[in-house]
Amino acid sequence: MLELAGIIILGILAQWVAWKLKIPSILPLILIGLLVGPIAAEFLSEDGTKWIEPIWNGKEGLFPDESLFYFVSLAISIILFEGGLTLKLSEIKNVGPVITKLITIGSMVTFFIAAVAAHFIFGLSWEISFLFSGLIIVTGPTVITPILRNIPLKKDVSAVLKWEGILIDPIGALVAVLVYEFISVDAGGEFTKTALIEFGKIVLFGSTFGFTFAHALNLILNKKWVPHYLMNVFSLAAVLGVFVLSDSFAHESGLLAVVVMGMVMGNSNSPHLKDILYFKESLSILLISILFILLAANINFDELLLIYNWKTAVLFFIIVFLIRPIGVFLSTYGSTLKLNEKLFISWVGPRGIVAAGIASLFGLKLASKGVVGAEYITPLVFVIVLGTVLLNATTARLFAKIVGVFLKKSNGILIVGASKVSRLLGHYLETHGRHVVLIDSNQNNIAKAKELGLEALNTNIYSDALTDNIELNDVGYLMAMTGSSDINKYAINKFRNQFGENGSFRLVTTDEMNNPENNPKEGLFSHTDDYISLSEVTRNFPSIQEIDIEDKAHYTSLIDFTNKDKDMIPLFLKDDKAELHIISSYNTEFDEIGEGYKLVYLGRPFDVEKV
């Protein structure tokens, strides 16, 4: 009981440390696992036992016999399903071909070159070498997200890394499964036929079960055949059921099934998707915390000594500084990505949970069968995982600045609230080259925004989902435009540092509008207009106008005129380079205003000569 409670407590503590230090949680989790496992057994325990023993002599421990394998498999299935839920097909319209090549060509480059390197450097058999290379194909969203969360990047670059991390998980798992099957049948002459049959079964049953049961689960939930309080646990049971059922038809096809299931549900219009995603996120955090400590603690000290030499450093260098760049440059050849963007993608390739989890799974199984060299699999993969995560966590931001992909100014705009006026503003900003993201908890508003081609997220600002979205890294302006003054104020306070580094604004409240002395510094557009005023003007005159400005005095007179006119609300100042500057209710002054400048406002057209 003490060990079980200790794993959970240490796991959550590691997650907190990772959040505090802004590093991937995998790093402290593995280090804690090594500390309470092999390090404790070698240096801290008088009797040479681990503080936490997942398997002891193969029979005793927290997870005796095959139970650890089962737990790891089920945990990974839930984590992959949660990852699939976050995949949106609309996000890859610009970089789809690049991602496709990365998970195909890039995977093949890693698979073959890393196997050759492992074979000749460590003298491992070809079978074990290819199993190792298949495992390190995967990167993973759980390690990429924390690394990129605070690095301002173009949306296309972050989208490539995010999608590669999630989609390549099942690819690497499938490759590792095929190699494992090859080793299990003793590399007989019928391997080619067996491998093709196994691969076909995995793809067939995995994709079929995933697609079918995703629609079935959506139907059940939409028809409300399951009460709301059982919805999340029912979904969990469905995921585990699909994983086990698919696996029973084709060994290891369950991994593909849950990813497909997650992707299909994630791209549906189910109103229950948000609740399921929140539940799965919390569950994934708990499972990852337990899993990594268990897997790291299960390593023995003599296995660590096997790789404590110069050979490991050489292999790591080849994987990170040779294989990864080759795979990326081949995959991005002919794409719209620039050289510096390719270099950055080449640099960021941390390995994650699936690599470590399946390595432990297969490594332990093969070692128990007495396969020569199998004892190298788990420690070698863990070194690659730890090394790549540590390298990228400490250098990714600096390297982004060196190669020039670090956005000097984040011009993206996050609009809280997707009402009609927000959609109108968002559409105008998008047509003028600004990356705009609208968020709202109202599914109907989000659907209307998407119909206009806007990027819109159905999310709750009280959750932490936004802070984990690496594709908002180029957002530097925050505009809170909901009908609730409390939500607007909360959004400003919570997201000011992350999304409002260049400016955080909110609509003034009715009280502030009636009392100009209380005009807040973060006031948006006009101190004489609140949400109700904006909504009324949008309903009567749903268009955005532009007026040529002669000089600063002319601009000031226009601002005074629009502030007094109930059918006009000033929005932006458009300079001679067509760049838009948000007008603040607190300070409408701009240093330089001259020929070529325009005032952008919401409302009715009017004759400038009358101003």
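Bear in mind the structure is a predicted one, so any value in this text is a computation, not a measurement. (Residues numbered from 1 in each chain as written. Predicted model: local features only at pLDDT ≥ 70, side-chain atom pairs only at ≥ 80, totals over all residues. Heavy atoms only, no water.)

Attention shifts here to the pairing of strand β9 (residues 598-603). Of all the six residues making up β9, five are buried; the element is thus mostly covered by neighbouring parts of the structure. As defined by bridge partners, strand β6 (residues 544-548) adjoins β9 across five bridges and the pair is classed as antiparallel. Looking across to β9, one finds that Gln 545 is bridged to Tyr 601. (Buried < 20%, exposed > 50% of the residue type's maximum accessible area, 1.4 Å probe, protein only. Helix = DSSP H or I, 4+ residues; strand = E, 2+ residues; numbered from the N terminus. Pairing = 2+ DSSP bridges.)

As summarised here, the arrangement of the five strands in space is β3-β2-β1-β4-β5, forming an open sheet in which the pairing is parallel. Unpaired on one side and paired on the other, β3 (455-458) and β5 (503-506) mark the two borders of the sheet. Strand-to-strand twist in this sheet, taken as the mean axis angle between neighbours without regard to direction, amounts to 20°. Two elements, strand β1 (residues 412-416) and strand β2 (residues 436-440), share four bridges in a ladder whose sense is parallel. Following the sheet pairing, Leu 414 is matched in β2 by Val 437. Across the sheet, helix α17 (residues 420-431) touches β1, β2 and β4 (475-480), and the angle it forms with β2 is around 165°. (Axes fitted to C-alpha atoms, helices over the stretch in contact; angles between N-to-C directions. Contact = heavy atoms within 4.5 Å.)

This brings us to a nonpolar patch on the surface. There is a patch of nonpolar side chains on the surface, built from Leu 35, Ile 39, Phe 43, Leu 44 and Trp 51 and spanning about 490 Å² of accessible area. Among the secondary structure elements, Leu 44 is positioned in helix α2 (residues 26-44). (Patch = residues over 30% accessible without salt bridge, like charges linked within 9 Å, V, L, I, M, F, W, Y side chains within 5 Å. Areas by Shrake-Rupley, 256 points an atom, 1.4 Å probe, with all protein chains shown as cover. Salt bridge = Lys/Arg side-chain N within 4 Å of Asp/Glu carboxyl O.)

Below, the discussion takes up the sheet that holds strand β8 (residues 580-582). The four strands lie next to each other as β6-β9-β7-β8, forming an open sheet whose pairing is antiparallel. Across the chains shown, the open sheet's two edge strands, defined by having one partner strand only, are β6 and β8. Direction aside, neighbouring strands of the sheet carry axes that sit 35° apart on average. Across the face of the sheet, α17 comes into contact with β6, β7 (568-574), β8 and β9 while running at roughly 25° to β7. Sitting on the sheet, helix α22 (residues 552-564) is in contact with β6, β7 and β9, with an inclination near 150° to β7.

Bringing the pattern of salt bridges into the picture now. The full count for this structure, using the stated rule, is five salt bridges. Here Glu 522 ties to Arg 506 by a salt bridge, and the two come within 3.1 Å at their closest N and O atoms. Here Arg 506 lies in strand β5 and Glu 522 lies in the loop between α20 (510-514) and α21 (531-540), a separation of 16 residues in the sequence. A single burial state applies to Glu 522 and to Arg 506, both of which are buried. The partner of Asp 548 in a salt bridge is Lys 598, with the nearest N and O atoms 2.4 Å apart. Taken together, the residues Asp 548 in strand β6 and Lys 598 in strand β9 connect sequence positions 50 residues apart. Beyond isolated ion pairs, a larger network of salt bridges with shared partners links Arg 506, Glu 512 and Glu 522.

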